[in-house]
Each structure stands twice: as structure tokens, then as C-alpha cells.
Amino acid sequence: MIQVNLRNIQDEIPENVLLIAVSKTKPANIIQAAYEGGQRDFGENKVQELVTKHSELPADIKWHFIGHLQRNKVKYIAEFVHLIHSVDSLKLLQEINKHGKKHNRTIRCLLQFNISQEESKFGLSRKEGKIILNSAEYKSMQHIEICGVMGMASFTQDENQISMEFDSLHNTFQEMKDEFFQDDNQFKEVSMGMSGDYKLAIKKGSTMVRVGSLIFGSRI
Ligand SMILES: *Cc1c(COP(=O)(O)O)cnc(C)c1O
């Protein structure tokens, strides 16, 4: 069933868009089934859960961290995480850089921007993003690679609203690209779109969709 779901979604998305299977709350055997269907990129939003699954599942899985990340937990995932989608402060970036250095690796990150109307959502404003990218602290980091931006649309059925929010994230991406990453080919990712809105997100320029319930069924 999971493998059928995966294939159906893969058939819908263009080759240049990466499907991240959001496996939070799902047990290792379920993830293994998706792995055997060819899926390699998985997304988790809790550090402890990610650490456990990383130890139980095949080593060539690319683990994406997509939840709010506390600074004191960076150390648990720094050695193996493939991409951190949710960087929302300079202090967090500094901590990631520190642990990247410890493990002698460059850790790939996205800046999370707040595109939704809802106050509870995490993420930077454009202004805050620019302050980080202009800072001497950021410029001196040698174990960080910022690969693009991430955002979450409002929890609403209003497609116009979601559409506007995706446009806004894509504009943010373009603005940061023009101002800070013009000659940096690694800055190319726009992580947006979930089960309910990934098709719309792709129309609006998403390069990474994070899909959970449409693959694995609803979470309890
Ligand atoms: C849970 C989650 C998703 C996937 O949500 P679905 O609606 O199940 O596809 C995507 N992104 C983030 C950040 C999430 O926490």
C-alpha cells in the first residue's frame, strides 16, 4: 500500500522535485517498507525519534530534520543529518556550525521563513533572514551550507491564501538568491508543500515537497 502511494505521488511530481516522505510517528518497519519501494529521503520533526530511527534503519537513508530544533539537541543529529529545514535563528546556526566542525563535515541547512498568517508558526521574516546573512558570525562559519528556504502555509482550506503564501516564499527565495547567493549554485531549494497542497506548491516553484499522511496514512 505504501509503495503504491509512493509511486502515485512520484508519478505526479516532476523529476527536479524531491519527494521527502515524512515518517514522524511511524514505526521503523513502515519506513522500511517505503525504503524497499525505493524511497531514500525521509523527514522527521523530533530529535529523539530521529536518532532512534537512524540507528535502526539502513545507513543510506537521507534524514531531513523538519521540526523546530532546540539548540541543545543539535549535537544528537549533527553527525548524520542530511538537511536541516528549520533554521530560524543565528544562534541555532552557530550551534550547528560548531557541531559540524566537531564532526568535520559541512551541514546543509535551509532558512525557515514565516509565510503564514498564523502567529504560532516558527520562522524568520525577510528582514531577520537578511540580518543573519549579513552578519560577521554567519560569514565566518565554515561548516554550514545554506541551500535555500523552507516554509509552511497556513492551516486552511482557502487555496488563494495558500497560493499567496507559496508565492511569498518563492519571492523570498529569489530575493535572498539575488542579494546573497548569486554565484552559489547550492542555494537552490524551496521546501514547501505537504499532503494537501504539494501540487500547488510545485506550481509555485517548490523543489522539495514534504509529504506524510498521503503516503503513510493519517497520524493518530
Ligand atoms: C508533518 C509535517 C509535514 C507532513 O504533513 P502531511 O500533511 O502529513 O503531509 C510536512 N512538513 C512539516 C514541517 C511537518 O511537520
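For the structure itself, consult the block above.
On a predicted model such as this, the values are computed, not experimentally measured, just so you know.

As a further point, take the overall build of the chain. Along the backbone of the chain there are 10 helices and eight strands. Taking 2.2 N^0.38 as the reference for a compact globule, 220 residues should give roughly 17 Å; the C-alpha atoms of the chain span a radius of gyration of 17 Å, in line with that estimate. For the chain, the spread of C-alpha atoms along the three principal axes comes to 50 × 45 × 30 Å. In the chain, of all internal contacts separated by at least 6 residues, the share reaching a separation of at least 24 is 59%. Surface exposure of the chain reaches about 11100 Å², of which carbon and sulfur atoms provide 46%.

Within the structure, the ligand sits among Val-22, Lys-24, Ile-66, Met-152, Met-194, Ser-195, Arg-210, Val-211, Gly-212, Ser-213 and Arg-219. Contacts to the ligand include Arg-210, whose side-chain N or O atom sits 2.9 Å from a nitrogen atom. With respect to the ligand, the side chain of Arg-219 contributes an N or O atom lying 2.8 Å from an oxygen atom. Within the complex, the protein chains bury 90% of what would otherwise be the 390 Å² of accessible surface of the ligand. Considering only residue class, the shell around the ligand consists of five nonpolar, three polar and three charged.

Before going further, it helps to examine the side chain of Ser-206. Counting through the fold element by element, Ser-206 comes out in the loop between helix H9 (198-203) and strand E8 (208-211). In this structure the side chain of Ser-206 is engaged in a polar contact, spanning 3.4 Å, whose partner is the backbone oxygen of Val-190. In terms of polar contacts, Ser-206 uses its side chain to reach the backbone carbonyl oxygen of Met-208, at 3.0 Å. Excluding residues within four positions of it along the chain, Ser-206 makes contact with Val-17, Val-190, Met-192 and Ala-201.

Under the criterion given, the structure shown has 10 salt bridges. Note that Lys-53 is salt-bridged to Glu-44, the shortest N-O span being 2.9 Å. We note that Lys-53, like Glu-44, is buried. Close ionic contact of Lys-188 with Glu-189 constitutes a salt bridge, the shortest N to O distance being 3.2 Å. Overall, the relative accessible area of 10% leaves Glu-189 in the buried class.

We now examine the nonpolar core. Counting residues in hydrophobic clusters, the biggest one holds 59 residues, and the most contacted among them are Ile-77, Ile-84, Leu-93, Ile-96, Ile-146 and Ile-215. Looking at this core, the element that brings in the most residues is helix H8 (residues 159-180), giving five residues. Apart from residues lying up to four places away in sequence, Ile-84 is in contact with Phe-65, Leu-69, Ile-77, Ile-96, Ile-107, Arg-108, Cys-109 and Leu-110. One finds Leu-83, Leu-110, Met-150 and Met-208 within the second-largest nonpolar core, a separate group that totals six residues.

All of the buried residues in helix H2 (residues 28-36) are Ile-31, Ala-34 and Tyr-35. Projected down its long axis, H2 carries its buried residues within an arc of 105°, all on one side. Counted as exposed and oriented over 90 degrees from the buried face of H2: Asn-29 and Glu-36. Looking at the buried residues of H2, the elements they touch are helix H1 (2-12), strand E2 (41-44), helix H3 (47-56), strand E3 (62-65) and helix H10 (213-216). The positive-phi residue at the C-terminal boundary of H2 is Gly-38, with phi of around 105°.

Phi at Thr-25 is positive, roughly 70°, even though this residue is not glycine. By the secondary structure assignment, Thr-25 is in the loop between strand E1 (18-22) and H2. Given a relative accessible area of 49%, Thr-25 falls into the partly exposed group. Notably, Asn-104 is not glycine yet its phi reads approximately 55°, a positive angle. Note that Asn-104 resides in the loop between helix H5 (90-102) and strand E5 (107-112).

Relative to the assigned elements, Phe-113 resides in the loop between E5 and helix H6 (126-134). Its relative accessible area of 2% is what places Phe-113 among the buried residues. Separated by 56 residues in the primary sequence, Phe-113 and Leu-57 place their C-alpha atoms 31 Å from one another.

Rules and cut-offs
- Residues numbered from 1 in each chain as written.
- Predicted model: local features only at pLDDT ≥ 70, side-chain atom pairs only at ≥ 80, totals over all residues.
- Heavy atoms only, no water.
- Helix = DSSP H or I, 4+ residues; strand = E, 2+ residues; numbered from the N terminus.
- Rg over C-alpha atoms; globule rule 2.2 N^0.38 Å.
- Contact = heavy atoms within 4.5 Å.
- Areas by Shrake-Rupley, 256 points an atom, 1.4 Å probe, with all protein chains shown as cover.
- Near = heavy atom within 4 Å.
- Polar contact = N/O pair within 3.5 Å; in protein donor to acceptor, adjacent residues only side chain to side chain.
- Nonpolar A, V, L, I, M, F, W, Y, C, P; charged D, E, K, R; others polar.
- Salt bridge = Lys/Arg side-chain N within 4 Å of Asp/Glu carboxyl O.
- Buried < 20%, exposed > 50% of the residue type's maximum accessible area, 1.4 Å probe, protein only.
- Core = buried A, V, L, I, M, F, W, Y, C linked by side-chain atoms within 4.5 Å.
- Arc of directions from axis to C-beta.

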